[in-house]
Amino acid sequence: MTKEALAFAQIDNVGAVILHAYQHKASDLHFEPGKAGYHIRMRQDGLLQSIFVGATHHAARINTQLKVMAELDIAEQRVPQDGRISFALDPTHHLNIRVSTCPTTYGEKIVLRLLDPKAHVRSFLELGLEDAQRELLTQAIGHPNGLILVTGPAGSGKTTTLYSALSSLNNNARNIATIEDPVEITLAGINQVPVNVKLNLSFARALRTLMRQDPDIIMIGEIRDRETAEIAIQAAQTGHLVMSTLHSASALEAINRLAHMGIARYELLSSLHLVVAQRLLRTQTTGRVGVYECLPITSLTRKYVLSNEFLSYHGLQQHEPVHTLRTAAMNKVKENIVTLAEVNRVIPHD
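Rules of the game
- Residues numbered from 1 in each chain as written.
- Predicted model: local features only at pLDDT ≥ 70, side-chain atom pairs only at ≥ 80, totals over all residues.
- Heavy atoms only, no water.
- Helix = DSSP H or I, 4+ residues; strand = E, 2+ residues; numbered from the N terminus.
- Rg over C-alpha atoms; globule rule 2.2 N^0.38 Å.
- Contact = heavy atoms within 4.5 Å.
- Areas by Shrake-Rupley, 256 points an atom, 1.4 Å probe, with all protein chains shown as cover.
- Pairing = 2+ DSSP bridges.
- Axes fitted to C-alpha atoms, helices over the stretch in contact; angles between N-to-C directions.
- Parallel < 35°, antiparallel > 145°, perpendicular 65-115°, else oblique.
- Left-handed = near helix turned anticlockwise from the far one by under 90°.
- Nonpolar A, V, L, I, M, F, W, Y, C, P; charged D, E, K, R; others polar.
- Core = buried A, V, L, I, M, F, W, Y, C linked by side-chain atoms within 4.5 Å.
- Buried < 20%, exposed > 50% of the residue type's maximum accessible area, 1.4 Å probe, protein only.
- 1 Å grid on protein atoms, 1.4 Å probe; cavity = no way out; pocket = protein on both sides within 12 Å on 5 of 7 lines; lining within 4 Å.
- Points joined across faces, edges and corners; volume = space filled by probe spheres on them.
- Arc of directions from axis to C-beta.

## So, the overall build of the protein chain
- Tallying secondary structure elements over the protein chain gives 13 helices and 13 strands in all.
- For 350 residues, the compact-globule estimate of 2.2 N^0.38 gives 20 Å, and the protein chain sits close to it at 21 Å.
- For the C-alpha atoms alone, the extent of the protein chain along its principal axes is close to 60 × 50 × 40 Å.
- For the protein chain, long-range pairs separated by at least 24 residues make up 56% of all intrachain contacts whose partners lie at least 6 apart in sequence.
- Counting only carbon and sulfur atoms, one obtains 52% of the accessible surface of the protein chain, whose full area is about 16800 Å².

What follows is the structure, encoded as structure tokens:
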């Protein structure tokens, strides 16, 4: 149990639990039934910490409150459900909360993702990019058209990087639009479209619509399927700057991931400018810092990708040097920003 543990009297008040998590800058809340009792954990700086352990009877009351707030079926406990909560911190400040329920052996587990639409949008200088990486990203977003991908696992700061890029490009001379699930931070002057699966408003459908809205720049929250990838590449080929995230372990693996979706490499490389892979590392003080790998699609990189079915950094480095995630992380160790143990926890050896 952490020093931030909840007072026992708060536990049946879901609003108090959410407020506690927000005040401690948590990104997620886990409500977990178990054999020995009921647990609540929050994810803080990337790691889960227990904030309550108690009797199992708390589960039913808390689950009912959460389901009512998220407009879910309180009687359904056999299948997963997804919903949303708009949680008022004050009359003008609401948290956007994603709710996911899942049946387990000992009852329903519920996870909340806390998103603050008024959160501070970081500049490139605040992200943790090295000077050369910041220059590569600045050059890439300076193109009038093409595709930029930001990759990494969930919770690695991908959307933060894209928001930073959008913020630097945002002016009255450009029509900028985003498609997100959900909209994480409200950006003034940018048209943000929330995906709505219940209304059949998917990433692909929203992207098709935005293509008819005279866009200059489009940010896609995530490329999840072949249809979205194909439309994104087409948009990048026809005069639009397109930025998106993708779940993959590395920059090279992002190319493989799209190939597995059915995207031909030559088609992808015709518009791809830069792939950024990133992770967040806990610092030696408080909070986390980003570490990045920026892979520009140069003529040598393009030739290597097109001529080799199996892509590896060892193979690519035979053609030109690559500054990998691990290298970037070790630089943070040398600067005494993070520990070697933290690097080994998050980033494997090349």
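Past the structure itself, the notes keep going.
## Some words on the sheet that holds strand β6 (residues 107-115)
- Read from one edge to the other, the open sheet built from 6 strands follows the order β3-β2-β1-β6-β5-β4, with strand pairing classed as antiparallel. Of all strands in the sheet, those bounded by a partner on one side alone are β3 (47-54) and β4 (81-90). Each adjacent strand pair in this sheet contributes to an overall mean axis angle of 20°, direction not counted.
- As judged from the 4 bridges shared by strand β1 (residues 28-33) and β6, these two strands associate in the antiparallel manner. Counted as the bridge partner of D28 is R113 from β6.
- Each of β1, β2 (38-44), β3, β4, β5 (93-104) and β6 touches helix α1 (residues 14-23); the most contacted strand, β4, lies at about 75° to it.

## Notes on the packing of helix α6 (residues 203-211) against helix α7 (residues 226-237)
- The N-to-C vectors of α6 and α7 enclose an angle of 20°; their axes lie 9 Å apart at closest approach. On the basis of the axis angle, α6 is roughly parallel to α7. Crossing handedness for the pair α6 and α7: left-handed. Residues F203, A204, L207, R208 and M211 of α6 lie in contact with α7, whose contacting residues are E227, T228, I231, A232 and A235.
- Here the residues of the contact of α6 with α7 sort into 7 nonpolar, 1 polar and 2 charged.

## A closer look at the nonpolar core
- Counting 50 residues, the largest nonpolar core has L147, I223, L258, L268, L272 and L281 as the members making the most contacts within it.
- Top element by residues in this core is α7. It accounts for 6 residues.
- Not counting residues within four places of it along the chain, the set of residues in contact with I223 comprises L149, T228, A229, A232, S244, T245, L246, L258 and M261.
- Grouped together as the second largest cluster of nonpolar side chains are 26 residues, V150, L162, I185 and C294 included.

## Thoughts on the layout of surface pockets
- In this structure, the second largest pocket occupies an estimated 520 Å³ of space.
- If you go around the second largest pocket, you meet 19 residues; those closest to its centre are D82, G83, R84, R98 and D181.
- For the lining of the second largest pocket, the secondary structure elements donating two or more residues are β4, β5 and β6.

## Section: the sheet that holds strand β11 (residues 241-246)
- Taken in spatial order, the 7 strands line up as β9-β8-β10-β11-β7-β12-β13 in an open sheet, and their pairing is mixed. Edge positions in the sheet fall to β9 (191-194) and β13 (288-296), since each of these pairs with one other strand and no more. On average, adjacent strands in this sheet sit at an angle of 15° to one another, irrespective of strand direction.
- Bridging between strand β12 (residues 272-282) and β13 involves 9 bridges; their strand directions are antiparallel. Looking at β13, one finds that L281 is bridged to V289.
- Contacting β7 (146-151), β11, β12 and β13, helix α4 (residues 131-141) crosses the sheet at an angle of about 60° to β13.
- Along the sheet, helix α12 (residues 325-334) contacts β12 and β13; its crossing angle with β13, the most-contacted strand, is approximately 140°.

## Some words on α6
- Within the sequence span of α6, burial applies to F203, A204, A206, L207 and L210. Along the axis of α6, the buried residues cluster in a sector spanning 165°; they form a single face.

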